[in-house]
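Descriptive structure summary
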Amino acid sequence: MKYMLLIYEDEQQAAAMSDAERAEQLRSHFAFLGELTMFGKHVYSEGLEPSLASTVVRVQDSKVITTDGPFIESKEMMAGFYIIEAADLDEAIAWAAKIPDAGRAGVEVRPVYDFTAMRP
Amino acid sequence: MDDVQAAVAGAYRAESGRILATLIRLLGDFDIAEEVLQDALATALARWPDEGLPANPAAWLTTVAKRRAIDHIRRRQAEQRRVEAIAPLLPTEDDMDLFDDTSSLTDDRLRLIFTCCHPALNLDAQVGLTLRTLCGLTTPEIARAFLLPEPTLAQRLVRAKRKIRAARIPYAVPPDHLLPERLTGVLAVVYLVFNEGYLASAGSALVRTALTAEAIRLGQLLHQLMPDEPEVLGLLALMLLHDARRAARAGPAGELIPLEEQDRALWDQAQITEGAGLVERALRVRRPGPYQLQAAIAALHCTAPSVADTDWPQIAALYAVLHQLTPTPIVALNRAIAIAMADGPLAGLALLDAPDLRAALESYHLYHATRADLLRRIGRREEAAVAYQAALALTTSEAERAFLQRRLTQLSGA
């Protein structure tokens, strides 16, 4: 079963990081990615540009309206994600806990909807 | 017909947790398991009047429920084959499991309780689900016990089961490296249920015996399933020792009687002996923990012939150790009370008036009630009155309110 691990960060804190800290963060993510891949659990992952680069798109009366910035303004913003394979929530949680940023703001573990699962 | 209904109700009470736990494992779903169990109960109500009561009603129910579960699974697999339109599935290992009647090494109730108390569920959901599935309490019963509207509780249970399904919370006993932490969570739920029944923070009833009985039942189940875990022993001991004093805690008008004034003849000695024995067994394992320490303290209270003859210095020492493990203001408060008994009210007041503790407990009614009591004992009546008033402003229990008011009146009278 697939889970999305959504990484949240305090953008002010992130912006205040030194080059060395940023490099270390990147390195630790590559290490995490390596471990996921080694266990065959990695599906897809990306880091995101900060929320100032976001645009919200709405369509009202066939008109496309764009707004600058993220959908929801908050102290913590989504900074990146991993989509992984895991047998159950406990395994997904164990992986999420290894993400370097879990020790900062936190990681949301969200199950990916499984269209192939049948329920009578 | 009454005999049959009584027999079904009795079997449900005693065995529904166990049967449901197994059904959930077989069917992989809480709601379907519940449906199958209800179906088996309906069958019993329909057939027992004609066929007579079975020699072992619980076993009868279990067998019928399992058969229904297997039927359900066969139907489900047949549907999947139709939909998938590929070569028919050969019987899988899962099919074979069902027909294997030897009990697995793990009691399904242990799987169930760890699932209900999974940290990914919020605490209210954990409590509700545990009471519903393991204890077999109905939704209205649980709602009444926690003073909640029934639809609120029902919705809570629906959401919890949905979360278990959607997030795929595993139906399993946690692996060894996660067990200590997860067990702490389970014990916290059981103790919460016990305290809800024992303390009854709002409303006029002092003790809700149904909840304390269920909590003790859960504690005994855990003891049976995990006999070597010292904190399990500790919690069961603690609940038994508290519960042993139940008859002496409330006066005829429902007013609260504090420990010092309780009629010890009303304490359940057999239960005290049982609890004290469990404490000793737990401490021998030499893995001390908060429940064991609290139980040891309770045992010292319960085995003392009187307040004066209680080993207060030992209790104070135990609270000091407890404070190291769980440095909460409440533990500090209780330690201060013990020290007041061992070394006099002034010693206790000195601890209570420490600025950190005062700040932490400013809005806790028992803090003020305790200070009031100590001040009263040394004759500082005006300060005591102020403290009683502070406590009165904060307490939510009618029994406690009556007690504090009585003390306050006595002050001005004396």
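Model, not experiment: these values are computed from the prediction.

About the thresholds
Residues numbered from 1 in each chain as written. Chains lettered and ligands numbered in written order. Predicted model: local features only at pLDDT ≥ 70, side-chain atom pairs only at ≥ 80, totals over all residues. Heavy atoms only, no water. Patch = residues over 30% accessible without salt bridge, like charges linked within 9 Å, V, L, I, M, F, W, Y side chains within 5 Å. Areas by Shrake-Rupley, 256 points an atom, 1.4 Å probe, with all protein chains shown as cover. Salt bridge = Lys/Arg side-chain N within 4 Å of Asp/Glu carboxyl O. Helix = DSSP H or I, 4+ residues; strand = E, 2+ residues; numbered from the N terminus. Buried < 20%, exposed > 50% of the residue type's maximum accessible area, 1.4 Å probe, protein only. Contact = heavy atoms within 4.5 Å. Buried area = accessible area lost by both parts, 1.4 Å probe. Polar contact = N/O pair within 3.5 Å; in protein donor to acceptor, adjacent residues only side chain to side chain. Nonpolar A, V, L, I, M, F, W, Y, C, P; charged D, E, K, R; others polar. Pairing = 2+ DSSP bridges. Axes fitted to C-alpha atoms, helices over the stretch in contact; angles between N-to-C directions. Phe/Tyr/Trp six-rings, centres within 6.5 Å; stacked < 30°, edge-to-face > 60°. Lys NZ or Arg CZ within 6 Å of the ring centre and 35° of its normal. Core = buried A, V, L, I, M, F, W, Y, C linked by side-chain atoms within 4.5 Å.

Residue and element names in this part refer to chain A. Together, Val57, Val59 and Val64 make up a nonpolar patch on the protein surface, roughly 300 Å² of accessible area in all. Relative to the assigned elements, Val59 resides in strand 3 (residues 55–60). Assessed through its relative accessible area of 58%, Val59 is described here as exposed.

Each partner contributes residues to the interface: chain A has twelve residues there, and chain B has 16 residues. Buried surface at the junction of chain A and chain B, summed over both partners, amounts to about 1100 Å²; 60% is from carbon and sulfur atoms. Scanning the region where chain A abuts chain B turns up one salt bridge. Put simply, chain A and chain B have four residue pairs in polar contact (both at pLDDT 80 or more) between them. Here the side of chain A that touches chain B gets three residues from one element, more than from any other, and that element is helix 3 (residues 89–98) of chain A. Counted by class, the side of chain A that touches chain B contains eight nonpolar, no polar and four charged residues.

What follows concerns helix 5 (residues 108–116) of chain B. For the α-helix, the turn length of 3.6 residues means that residues three or four positions removed from each other point alike. Residues and elements named next belong to chain B. Of all nine residues in helix 5, nine are buried; the element is thus mostly enclosed. Among the residues making up helix 5, those that are buried are Asp108, Arg109, Leu110, Arg111, Leu112, Ile113, Phe114, Thr115 and Cys116. In this structure, the buried side of helix 5 is in contact with helix 1 (2–27), helix 2 (30–51), helix 6 (123–133), helix 8 (150–166), helix 9 (179–199) and helix 10 (209–225). The opening residue of helix 5 is Asp107, an N-cap whose side-chain oxygen sits 2.8 Å from the backbone nitrogen of Arg109.

With that settled, the discussion passes to the sheet that holds strand 1 (residues 2–10) of chain A. Residues and elements named next belong to chain A. Across the sheet, four strands lie side by side as 2-5-1-6; this open sheet has antiparallel pairing. Of all the strands in the sheet, the pair left with one neighbour each is strand 2 (42–47) and strand 6 (106–111). On average, each strand axis in the sheet is inclined to that of its neighbour by 20°, with strand direction left out of account. Along the sheet, helix 3 makes contact with strand 1, strand 5 (76–85) and strand 6, crossing strand 1 at roughly 35°.

Residue and element names in this part refer to chain B. Locating Leu61 in the fold gives a position in helix 3 (residues 57–84). Residue classification places Leu61 among the buried positions, given a relative accessible area of 2%. When the C-alpha positions of Leu61 and Glu181 are compared, they lie 35 Å apart, and in sequence the two are 120 residues distant. Once you skip the residues sitting within four places of it in the chain, Leu61 turns out to touch Ala11, Ile19, Ala40, Leu41 and Ala44.

On inspection of all chains with the given rule, the structure shows nine aromatic pairs over all chains. Pairing B:Tyr191 with B:Tyr291 gives two aromatic rings, centres 5.6 Å apart and planes at 85°, and the pair type is edge-to-face. Within this pair, whereas B:Tyr191 is found in helix 9, its partner B:Tyr291 is found in helix 14 (residues 290–302), the two being separated by 100 residues in sequence. With respect to burial, B:Tyr191 and B:Tyr291 carry one shared label: buried. Ring geometry for B:Phe194 against B:Tyr198: centres 5.3 Å apart, planes inclined by 20°, an arrangement best described as stacked. You can see B:Phe194 and its partner B:Tyr198 sitting in helix 9, four residues apart, about one turn around the helix. These aromatic residues form a ring-pair network of at least three members: A:Phe32, A:Phe39, A:Tyr82 and A:Trp95. Lying over the aromatic face of B:Tyr198, B:Arg249 brings its terminal NZ or CZ to 3.9 Å of the ring centre.

A word on the pattern of salt bridges. In total, this model carries 28 salt bridges over all chains according to the counting rule given. Across the salt bridge formed by B:Arg182 and A:Asp90, the nearest N and O atoms sit 3.7 Å from each other. Pair noted here: B:Arg182 is in helix 9 and A:Asp90 is in helix 3, and the two residues belong to different chains. Note on B:Arg182: relative accessible area 9%, which makes it buried. One salt bridge connects B:Arg47 with B:Glu51, and the closest N-O pair in it is separated by 3.0 Å. With a gap of four residues between them, B:Arg47 and B:Glu51 both fall in helix 2, about one helical turn apart. With relative accessibility at 36%, the residue B:Arg47 sits in the partly exposed group. In this structure, a network of salt bridges that share partners links the residues B:Asp29, B:Asp31, B:Lys161 and B:Arg165.

Residues and elements named next belong to chain A. Sheet topology places strand 1 next to strand 5; nine bridges connect them, and they run antiparallel. Its bridge partner lying in strand 5, Tyr3 is registered against Ile84. Relative to strand 6, strand 1 runs antiparallel, the two being bridged by six bridges. Its bridge partner being in strand 6, Met4 is matched across the sheet by Arg110.

Here we take up the nonpolar core. Residue and element names in this part refer to chain B. Judged by nonpolar contacts, the single largest core of 119 residues is most densely connected at Leu23, Ile113 and Leu222. Ranked by residues supplied to this core, first place goes to helix 1 with twelve residues. Ranked by size, the runner-up nonpolar core spans 24 residues in total, among them Leu256, Ala387, Tyr388 and Leu392.

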